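Topology and contacts: notes
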Amino acid sequence: SPASLVEPLRKSIEGDHEAAARMLLAAGSDLGNAVDTAASGGQVQCLKALIELARSNAPKLRRDQVTDRLSDAMRTAAGPGGHDSVALVLLGACVEFKVDLNEYLESVATEGRIDLVHALLAAGAKDKREKGNPTALMMACSLGMPDVVRILLRSGLPPSVVDIQDGGGA
């Protein structure tokens, strides 16, 4: 049964055994949290296999089990300790499946992950101010990250994303 294949799929992904993962996917394994497992563990090849499933003519329910997890997986990859290689694979999938990219910019900017800042901006992410939260530019300025500040300023940010003073008076 598909449910009985979940644990073998998880184990094959954790070990980054792409061939085994592909066979289990083809056999109809429930996906469980396979996308999250691949993203958090840095298993790029298995993640690519899962994204290929989302592009396939598999039943919509199975494709949705991948696409519905892209946002959380990207949040993991873009967050502290995330894998840049995974984030770049997920970024392509997020663009393809129309996942909003804006929320990840602040995280990668704060971490000083320059390649991902460039990639997110190139993919259309915007440094927007949301409900009093700091922007990526504000965070990069406060953390003393001139390379990130330079990239964000060169991206053509509107002046509205830069506060003269934050809520604490800084």
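It should be noted that the structure appears before, not after, this text.
Structural notes, computed from the coordinates. (Residues numbered from 1 in each chain as written. Predicted model: local features only at pLDDT ≥ 70, side-chain atom pairs only at ≥ 80, totals over all residues. Heavy atoms only, no water.)

1. So, the overall build of the chain
- Counting its secondary structure elements, the chain contains eleven helices and zero strands.
- Along the first, second and third principal axes, the C-alpha set of the chain runs to 60 × 25 × 25 Å.
- Per-residue burial over the chain gives 41% buried out of 170 residues.
- Looking at the chain alone, contacts between residues at least 24 apart form 62% of all its contacts between residues at least 6 apart.
- Carbon and sulfur atoms make up 54% of the accessible area of the chain, which amounts to about 8,700 Å² in all.
- Charge-centre separation for the chain: the mean point of 18 positive side chains lies 4 Å from the mean point of 22 negative side chains. (Helix = DSSP H or I, 4+ residues; strand = E, 2+ residues; numbered from the N terminus. Buried < 20%, exposed > 50% of the residue type's maximum accessible area, 1.4 Å probe, protein only. Contact = heavy atoms within 4.5 Å. Areas by Shrake-Rupley, 256 points an atom, 1.4 Å probe, with all protein chains shown as cover. Lys, Arg positive; Asp, Glu negative; His and termini not counted. Charge placed at Lys NZ, Arg CZ, Asp CG, Glu CD.)

2. A look at the state of the cysteines
- On inspection of all chains with the given rule, the structure shows zero disulfides.
- Of all cysteine sulfurs in the structure, the one in Cys94 sits closest to Cys46, which takes part in no disulfide; the separation is 18 Å.
- For Cys46, a relative accessible area of 1% corresponds to the buried category.
- Classification of Cys94 as buried rests on a relative accessible area of 0%. (Disulfide = S-S within 2.5 Å.)

3. Concerning the nonpolar core
- Core analysis: the largest hydrophobic core is formed by 52 residues, its most contacted members being Leu50, Leu90, Val117, Leu120 and Leu152.
- Ranked by the residues each element gives to this core, the list is headed by helix H4 (residues 44–55), at eight residues.
- Once residues within four sequence positions are removed from consideration, Leu50 is found in contact with Ile13, Leu25, Leu31, Ala34, Val35, Ala38 and Val66. (Core = buried A, V, L, I, M, F, W, Y, C linked by side-chain atoms within 4.5 Å.)

4. With respect to the side chain of Asn102
- Along the chain, the position of Asn102 falls in helix H8 (residues 102–110).
- Owing to a relative accessible area of 17%, Asn102 belongs among the buried residues under this scheme.
- One polar contact links the side chain of Asn102 to the main-chain amide nitrogen of Lys126, over a distance of 2.6 Å.
- The contact partners of Asn102, leaving out residues within four places of it in the chain, are Gly124, Ala125, Lys126 and Lys128. (Polar contact = N/O pair within 3.5 Å; in protein donor to acceptor, adjacent residues only side chain to side chain.)

5. Some remarks on the packing of helix H6 (residues 70–78) against helix H7 (residues 84–96)
- The contact between H6 and H7 brings their axes to 9 Å, and the two run at 150°. By the criterion of interaxial angle, the relationship of H6 to H7 is roughly antiparallel. You can see that H6 and H7 cross each other, and the crossing is left-handed. On H7, the residues that touch Leu70, Ala73, Met74 and Ala77 of H6 are Val86, Ala87, Leu90, Leu91, Ala93 and Cys94.
- The class makeup of the residues in the contact of H6 with H7 is ten nonpolar, no polar and no charged. (Axes fitted to C-alpha atoms, helices over the stretch in contact; angles between N-to-C directions. Parallel < 35°, antiparallel > 145°, perpendicular 65-115°, else oblique. Left-handed = near helix turned anticlockwise from the far one by under 90°. Nonpolar A, V, L, I, M, F, W, Y, C, P; charged D, E, K, R; others polar.)

6. Some thoughts on H6
- Buried within H6 we find Leu70, Ala73, Met74, Ala77 and Ala78. The arc that holds the buried residues of H6, viewed along the axis, is 130°, so those residues lie on one side.
- The elements touched by buried residues of H6 are helix H3 (34–41), helix H5 (60–67), H7, H8 and helix H9 (114–122). (Arc of directions from axis to C-beta.)

7. Overview of the environment of Leu50
- Following the sequence through the fold, Leu50 ends up in helix H4.
- A relative accessible area of 0% places Leu50 in the buried class.
- Along the chain, Leu50 and Arg22 lie 28 residues apart, while their C-alpha atoms are 8.3 Å from each other.

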